[in-house]
Amino acid sequence: MSPSKSMYSGAEILLESLIRNGVEVVFGYPGGTVIPLYDELLRYSDRIRHVLVRHEQGAVHAAQGYARSLGRPGVAIGTSGPGAANLITGIMDAHLDSTPLVVIGGQVATHLIGMDAFQECDMMGMANPITKHNFQVHHADDLAKVMDQAFHIATTGRPGPVFIDLPKDVQTMMSAKVRNGELDLPYYVKSRPADPEQIEAAAEIIRGAERPILILGQGAILSGATDALRAMAKDLELPVTTTILGKGSVDEDEPLSLGCMGMHGRRVANFALAHCDVMIAFGCRFSDRVTGDPAAFAA
């Protein structure tokens, strides 16, 4: 960013925000309403690598794979209307699998929103049930703040996708507000402290168990708790099983590992679950792929 400039376009502010939040790679497919962003992205090609896909759904799935592999938020870009709508499947998948994404969808100019303009789509309404939060930006002055908030929400607490609806004219608006100050998210609670009394009560139950079993889901990985949980399993000689998304949290060649559980898991793990007297689950949501018939699960 040039120190001699005092005003910057919305597209510049957005790209500077990506860099400030550690983004090195974005996945996208250009279109009419994001042309200003792509024009500016060319100037930033030495700092941000753009991976061109053949379909917007490919962009968001690629961003998911990037996020899951590297443990940092993935970024996907699509244009308005059908382009943005093609992002929905990947956004939903990221929401269900707790994958941190910041997804940017182009939108018609602000004065055309709600006018049934060419390739206008209510992405805010479509994405709302399958994101942690949505933003529709109406002025370049708000872009830096919105971008910083989006990355904070996507990566803290239980990770997930955040969608940004970006009108075309906001990308060309000029603003001096290139950086955000403190995050202003009074209603966002990223996590709640554990109750020490509940922890002690759980520990007492585990100490008294005769046939305990440890279940590790993806939450154990996302929270960085795998080392501590493996140490606990070793100290207490707990057999360990994982969900599909929890695979990798424990070495399956270790004697205590029973492998994956559930519908697509191993028989030994499911038999152990059926006969355990205490089940200790970390980061597992007990989906139907894990439990089958809830009334019969680990009866």
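What follows deals with the overall build of the chain. The secondary structure content of the chain amounts to 13 helices and 12 strands. Principal axes of the C-alpha set define a box for the chain whose edges measure 70 × 35 × 35 Å. In the chain, buried positions account for 45% of the 299 residues. Considering only residue pairs separated by 6 or more positions, the chain has 73% of its internal contacts joining residues 24 or more positions apart. Summed over all atoms, the accessible surface of the chain reaches about 15,300 Å², with 54% contributed by carbon and sulfur. If you average the places of the 25 positive and of the 34 negative side-chain charges in the chain, the two averages end up 4 Å apart.

Take the packing of helix α3 (residues 56-70) against helix α5 (residues 88-96) next. For the pair α3 and α5, the least separation of the axes is 7 Å and the interaxial angle reads 25°. One way to sum up the angle between α3 and α5 is to call them roughly parallel. Contacts from Q57, V60, H61 and Q64 of α3 reach α5 at T89, G90, I91, D93 and A94. Here the residues of the contact of α3 with α5 sort into 3 nonpolar, 5 polar and 1 charged.

The next thing to look at is the packing of aromatic side chains. Going through the model one piece at a time under the given rule, you end up with 2 aromatic pairs. Summarising the aromatic geometry, the rings of F27 and Y66 are spaced 5.8 Å apart at their centres and angled 65° between planes, so their arrangement reads as edge-to-face. Of this pair, F27 sits in strand β2 (residues 25-28) while Y66 is found in helix α3, placing the two residues 39 residues apart along the sequence. Each member of the pair, F27 together with Y66, is buried. Seen in terms of ring centroids, F286 and F297 are 6.1 Å apart; in terms of plane orientation they differ by 65°. Their pairing is edge-to-face.

Attention now moves to the sheet that holds β2. With respect to topology, 6 strands assemble into an open sheet ordered β3-β2-β4-β5-β7-β6, the strand pairing being parallel. Since the sheet does not close on itself, it has two edges, and those belong to β3 (49-52) and β6 (133-136), each with one partner. Between one strand and the next, the sheet's axes are offset by a mean angle of 20°, whatever the strand orientation. Bridging between strand β5 (residues 101-107) and strand β7 (residues 161-167) involves 7 bridges; their strand directions are parallel. Across the sheet, the residue bridging to V103 is F163, located in β7.

Here the focus is the environment of I206. Among the structural elements, I206 can be located in helix α9 (residues 196-207). When the C-alpha atoms of I206 and P255 are compared, they prove to be 20 Å apart, with 49 residues separating the residues in sequence. I206 has contacts with L236 and I280, leaving out every residue within four places of it along the chain.

The biggest cluster of nonpolar side chains holds 35 residues, and the ones touching the most others in it are L14 and L18. Of all the secondary-structure elements, those providing two or more residues to this core are α1 (10-20), α2 (35-43), β4 (74-78), β5, α7 (143-155) and β7. Beyond its immediate sequence surroundings of up to four residues, L18 is in contact with V23, V26, I48, V75, M147 and F151. Within the second largest apolar cluster, 21 residues are counted, among which are V25, V60, A67 and C121.

Glancing now at unusual backbone geometry. Positioned with a positive phi, Q119 is a non-glycine residue whose angle comes to about 60°. On the secondary structure map, Q119 appears in the loop between β5 and α6 (123-127). Here Q119 falls in the partly exposed class, since its relative accessible area comes to 31%. Of note in the backbone geometry, A298 takes a positive phi value of approximately 50° without being a glycine. Relative to the helices and strands, A298 is located in the segment after α13 (288-291).

Before going further, it helps to spend a moment on the environment of Y38. Considering the arrangement of structural elements, one finds Y38 in helix α2. In this structure the C-alpha to C-alpha distance between Y38 and A231, which are 193 residues apart in sequence, comes to 48 Å. With residues near it in sequence (within four places) discarded, Y38 still touches G28, Y29, P30, H50 and I77.

Here is what the cut-offs are and how they apply
Residues numbered from 1 in each chain as written. Predicted model: local features only at pLDDT ≥ 70, side-chain atom pairs only at ≥ 80, totals over all residues. Heavy atoms only, no water. Helix = DSSP H or I, 4+ residues; strand = E, 2+ residues; numbered from the N terminus. Buried < 20%, exposed > 50% of the residue type's maximum accessible area, 1.4 Å probe, protein only. Contact = heavy atoms within 4.5 Å. Areas by Shrake-Rupley, 256 points an atom, 1.4 Å probe, with all protein chains shown as cover. Lys, Arg positive; Asp, Glu negative; His and termini not counted. Charge placed at Lys NZ, Arg CZ, Asp CG, Glu CD. Axes fitted to C-alpha atoms, helices over the stretch in contact; angles between N-to-C directions. Parallel < 35°, antiparallel > 145°, perpendicular 65-115°, else oblique. Nonpolar A, V, L, I, M, F, W, Y, C, P; charged D, E, K, R; others polar. Phe/Tyr/Trp six-rings, centres within 6.5 Å; stacked < 30°, edge-to-face > 60°. Pairing = 2+ DSSP bridges. Core = buried A, V, L, I, M, F, W, Y, C linked by side-chain atoms within 4.5 Å.

Taken by themselves, the reported measurements are silent on function.
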